[in-house]
Each structure stands twice: as structure tokens, then as C-alpha cells.
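# Per-entry structural report
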Amino acid sequence: MESMELNYPVPCVPKYGRRGSVYQDMADLLLLILLPLLLLFFILLHASPIKALLTTAKLVLAPELSTVWKPQPASIFVTDHETAHSLLVRGSAGGSFSNRPPSISPSAILSHRQYQNITSAPYGEHWRAIRHNLTSEVLHPTQLHRHASARRRALHGLVVDLAEQRKNGVVHAAESIRYAMFGLVANMCFGDNINNNRVRAMADAQSDLVKSLSTARVFAHAKLPALTRLIYRNRWKKLAALRQQQEETYLPLINSRRGRHRRPSETPVYVDTLIDLTVPDDHSQDPRRHRRRQSDGELVGMCSEFLGAGTETTASALQWIMANLVKRPDIQETVRKEINAIVGADAEEVSEVVLGKLEYLHAVIMEALRLHPPTSFAFRQVMEEDHVVHNGQPILVGTKVYFPLAAIARDMTAWDNPDKFKPQRFLSYKDASQGTDGTIKMMPFGGGRRMCPGRGVAMLHLSYFTANLVREFRWREGEGERAVDLRPHVEFFTVMKRPLRAHLELERTEIKTS
Ligand code: HEM
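The name an unreviewed UniProt entry assigns to the chain is Cytochrome P450, from the organism Triticum turgidum subsp. durum. For the chain, the Cofactor (unreviewed entry) comment in UniProt is given as "heme".

As C-alpha cells, then:
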């Protein structure tokens, strides 16, 4: 591993605004001239005589303008489950209603939309190829068991870490859970030859990238991209630096897998499938027939998506599940009893093969996902070919449609006492996430053709980790500042406002540290 240290010299996206360059000086000069001008323009526009003049002009000209002035597409928020189902799942009359607004993915933004990953790619051939690669290879249900040893290692590391921390009183479970999840997903992405320190550094860099997502929004929706980059040049530089850091870390790992002879029995990791994959060549006359390999820049963006989507969501969901179990010791005890009735006391772990029998555990996980969906929104944008109609009214092309997933899952018309944590609602009939007519009542994994392709592996990870964490420890709430706070912090992901901390008692007599 050490032979591939971080001296990889070729950044896949151009560097911007290097200190001391001619471009930097020109940018500084332009900014100096433009900013005062913009300020003056803004003041003049709001000065009362000019404002009055503009208002009168608008009144006089309005009838004339209305004939040439098309209404601008707005944003729509859908909070009732029936409309969400009908738009996302049944789709539109014409196209598929499967495009998202321009992505805030740093990879797509910095490459001026040259590099797309599954989340950011427009609905079409390229998206189909990269999504199919993910669902038919590493995440295919028949392949998931091949990563069982990586899961066992991640769980063992987490249990040892928590057991160690409990000696000092309160346990900072949030951080430990996130590192464990990242390590597992990094293993599925690059293989198991990355040392722990490297994995931690990658996890920290990924966390910085996630934090920068909200500030990257200005670039995704910019009408004047060059000016926006100039105005927000510090944000831009930060984003470029984070991306470069990723390239320097991921490319050596990707390159180390190239040209390797793989034994048929060997577990393929995500990067292997990405290296082998060919995608439609958009520059060819006939992209359906001509295919190409993905560039280094695209590969880095795809790995970043896998690590981010696979870690932040699942780590947040696992915290919400454990937080609710801390708040409700009675429910925690019922989960434990269900496990102990099936898993022998001397068994090393709750193995993956018994998870399907743990119905109450499944209900707890579903109820936590309903109340606290880790991804805050699903998004769509109406395209020309979609012809989306709602209540008999066509929705304008360009309209952005937001589906706030927590609000949909607390729809009063679909759920009895929706704000209450009541796992038993998922025991009363087979799948309470749908109504008897098949209408979806909650969608933590989104819906329709762009629904999360990681649902299967996410449910496996959540069941496996929750079952074992409840079997190993009794989770108790701290007092005062250390109490569990179920308030959310909503950004791109919905995380606990105050990261999970708890007191842990050993349930079994010993934790093996080797
Ligand atoms: C608890 C865990 C997870 C939750 C709650 C979750 C949730 C979501 C949601 C809400 C979407 C948007 C769906 C839509 O627009 O309709 C999504 C998309 C996506 N998720 Fe997940 N996810 C989870 C885990 C994962 C994992 C483990 C992976 C992969 C390792 C993954 C990969 C993706 C990808 C690639 C997309 C984009 C799909 C597309 O645009 O076609 N997710 N996820």
C-alpha cells in the first residue's frame, strides 16, 4: 500500500485561481471594478424616484408584456403521499419525469458537467449504463453475501471501539458509527488493502465534502457561472481543493486495481466493475453503438458518490434507530428478546442469515426510517417531453418539484398518530409502507425510476448492525447535556442535531478484542 503514496501529479479537473498567477491578478482587478458598480446599480434601483418610475412603467406596459412574457417555472413542494406517489411512481403522460435539477455534486460542477455520476446524470443512456453496472454487480442481491467478511470486520471494530469508550463513561457513538460505515463501504469500493489511518483520512475528507454541498448550491443554479465563480471564488477554491484531495487519494487506489488478474472466486469490488465498464460515447454519431471507457475524472466522481451515498445515509439512519431505542428502553428490550430467542447465547454474532426472521427488528428500522428519513428530499425537474399534469393543470417545463420525505411520511391522512414512534404499526399488516391500494405512504428511498439503488444493501447493513449492537450492549440515556435529543438538523442529509451519545452496559460478559 505504501508504494502508492500520494504523489499523483495529474488533477482531473482544472485548477482554479492559484495564488500569484496572472489569472488571479486579473480576477482580483475585475472584482474590484465590478463590485462597486453592482452596489451602485442596486442602490439606484431601490432609490424611491427610480423605483416609482419603474412601478409606473410596469403598470403601463404590463398588458403589452403579457403577450410576449411567458410565466416563469416555479418550485413546487409535494407533501401529501398520494400526489407524491402519482408523480414519482406513475410518472407523467409523455416522458418519464425522471430528471433532477442540475446537480450540486462537486464533480459535476467543477468539470462543467462533463463528469456525471448516477445521481447527477440526466435520464438517458449514460445514466442507464452506470446505474445498471451498480445494481447488477456489487449491489445485486446474489452478490451481497460476498462482502460478509467486510461487514463482520466493520462490526467487530465498532463493538471494540464502543466497549473501549464506555470505560470513560459516556460513549460518542455517532462518530464511531460513521467511521465503521465508511470503512465498510470503502472496502466494497476499493478492496480490503487500505490501512485504517488512510480510511480515517478519507472519511474526514468525505465529511468536509458533504459539508461543502450546501455552499456549492450557488454554482449549480448560477445563471452567470463565470461571474458566480468570481463572486464566490473562495467557495470555488475550497471545492476545487477538496476535489483535488480526492483525486490524489482515489486515483492511486483505482490504478492499483487496473490490469490485475482476478481469480473467478475473488469478490469483485465496485472499482473493478467501473474500470471494466464501457459507457455510450456521446461524441460519436451513434452513441448507442460506440462505447468508451470512463475517464479518471469520471471514476473519481463515481467512487465519491458510492462512498458518500453509502455512508452518510446509513450512518445517520443507524444513529436515529439507536437514539429511538435509547429513548424507549421497553422497545429496546423487545428487540433484544426477539434476537435472544433465535440466536444462541454462545453464538459469536447475529449472523446475516437469521436477520430475515427478526420481524420486530425490521419494524423498528422501518419506523425509524419513516420518522427520520436520512435523505431530506427527492427532487425532480419537469422536462419538455414529460407533460406532467396535476389536478388537470399542466406543470410548466423547468418547474422544480421537491418531495420533502419526512413530511410525506407524517401525512395525517395516511398514518395514525404520525409523530409517534410506534414500530408495531409495521406488524399489523405485511407492508404498512403501502396502502391497501398499493399507494406508497412513505418513501425514505425515494420512488420511481430514480429510486435509491442501494435500498437492499442499506437495509442489510441497518439490520445487521442494529441487531448486533443491541445484543452486545444495553443502551441507556445520559442526563442533562448528555440526554438524547431527537431534533433534526436538516440539510442535504437529515442528521441528529446533537450527535448520538449514550451510556453502554455490556450485555455479554466479554468482548473479544482480536
Ligand atoms: C439508509 C440508507 C439510504 C437511504 C435512506 C437512501 C436514500 C436515497 C434517496 C431518497 C435517493 C433519491 C431517490 C429519488 O430521487 O427518488 C437516493 C438515491 C441514490 N442512492 Fe441512496 N439511500 C441509502 C443508501 C444508499 C446506498 C448504501 C447506496 C450505494 C452504495 C446508495 C446509492 C444511491 C444512488 C447512486 C442514488 C441515485 C439514484 C439515481 O439517480 O438513479 N444509497 N438514495
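What follows continues from the structure just given.
Attention shifts here to helix 10 (residues 233-255). Along an α-helix, residues three or four positions apart point the same way, because every turn accommodates 3.6 residues. With 23 residues, helix 10 should cover 33 Å at 1.5 Å per step; its first-to-last C-alpha distance of 32 Å lies within 8% of that length. At T249, helix 10 shows its largest bend, some 25 degrees, and a proline, P252, comes one to four positions later.

Here we come to the layout of surface pockets. In this model, the second largest pocket occupies a volume close to 750 Å³. Lining the second largest pocket are 26 residues, and of these R178, S207, K211, E312 and V495 sit closest to its centre. For the lining of the second largest pocket, the secondary-structure elements that each account for two or more residues are helix 7 (173-190), helix 8 (196-220), helix 12 (296-327) and strand 11 (494-496). No other element matches helix 8, which puts six residues into the lining of the second largest pocket. Considering only residue class, the lining of the second largest pocket consists of twelve nonpolar, five polar and nine charged.

On to the UniProt feature "binding site: heme" (unreviewed entry) in the chain, then. UniProt records the feature "binding site: heme" (unreviewed entry) for C452 in the present numbering. By the element assignment, C452 lies in the loop between helix 16 (425-428) and helix 17 (455-472). Contact partners of C452, with chain neighbours within four places excluded, come to R131 and F445.

Here helix 12 crosses helix 14 (residues 359-371) at 110 degrees, and the two axes come no closer than 9 Å. Looking at the two axes, helix 12 sits roughly perpendicular to helix 14. From helix 12, A317, I321 and L325 reach across to helix 14, where they touch V364, I365, A368 and L369. Looking at the contact of helix 12 with helix 14 residue by residue, the class counts come to seven nonpolar, no polar and no charged.

The full set close to the ligand counts 27 residues, and R100, W127, R131, R380 and C452 are the nearest of them. Within the side chain of R100, an N or O atom sits 2.7 Å from an oxygen atom of the ligand. R450 places a polar side-chain atom, nitrogen or oxygen, 2.9 Å from an oxygen atom of the ligand. Counting only elements with at least two residues in the shell around the ligand, the list comes to helix 5 (125-136), helix 12, strand 5 (377-381) and helix 17. Looking at which element gives the most residues to the shell around the ligand, the answer is helix 12, with six residues.

The next thing to look at is the environment of L155. For L155, the position within the fold is in helix 6 (residues 148-166). Along the sequence, L155 and A180 sit 25 residues apart, while their C-alpha atoms lie 7.1 Å from each other. Apart from the residues within four sequence positions on either side, L155 is in contact with E349, Y464, F465 and N468.

Turning our attention to a nonpolar patch on the surface. Taken together, L35, L38, I231 and Y232 make up a surface patch of nonpolar side chains, about 320 Å² in accessible area. Structurally, the position occupied by L35 is in helix 1 (residues 22-46). Given the relative accessible area of 43%, L35 is considered partly exposed.

Another aspect to go through is the sheet that holds strand 9 (residues 473-476). Ordered in space as 2-12-9, the three strands form an open sheet in which the pairing is antiparallel. Whereas interior strands pair on both sides, the edge strands pair on one side only; in this sheet they are strand 2 (171-172) and strand 9. With four bridges connecting them, strand 9 and strand 12 (residues 501-506) associate as antiparallel partners. Its bridge partner lying in strand 12, F473 is registered against L506.

Definitions and cut-offs
- Residues numbered from 1 in each chain as written.
- Predicted model: local features only at pLDDT ≥ 70, side-chain atom pairs only at ≥ 80, totals over all residues.
- Heavy atoms only, no water.
- UniProt positions renumbered as here; feature names shortened; annotations may be inferred.
- Helix = DSSP H or I, 4+ residues; strand = E, 2+ residues; numbered from the N terminus.
- Expected span 1.5 Å × (residues − 1).
- Bend = angle between axes of the 7 residues up to and from the residue.
- 1 Å grid on protein atoms, 1.4 Å probe; cavity = no way out; pocket = protein on both sides within 12 Å on 5 of 7 lines; lining within 4 Å.
- Points joined across faces, edges and corners; volume = space filled by probe spheres on them.
- Nonpolar A, V, L, I, M, F, W, Y, C, P; charged D, E, K, R; others polar.
- Contact = heavy atoms within 4.5 Å.
- Axes fitted to C-alpha atoms, helices over the stretch in contact; angles between N-to-C directions.
- Parallel < 35°, antiparallel > 145°, perpendicular 65-115°, else oblique.
- Near = heavy atom within 4 Å.
- Polar contact = N/O pair within 3.5 Å; in protein donor to acceptor, adjacent residues only side chain to side chain.
- Patch = residues over 30% accessible without salt bridge, like charges linked within 9 Å, V, L, I, M, F, W, Y side chains within 5 Å.
- Areas by Shrake-Rupley, 256 points an atom, 1.4 Å probe, with all protein chains shown as cover.
- Salt bridge = Lys/Arg side-chain N within 4 Å of Asp/Glu carboxyl O.
- Buried < 20%, exposed > 50% of the residue type's maximum accessible area, 1.4 Å probe, protein only.
- Pairing = 2+ DSSP bridges.

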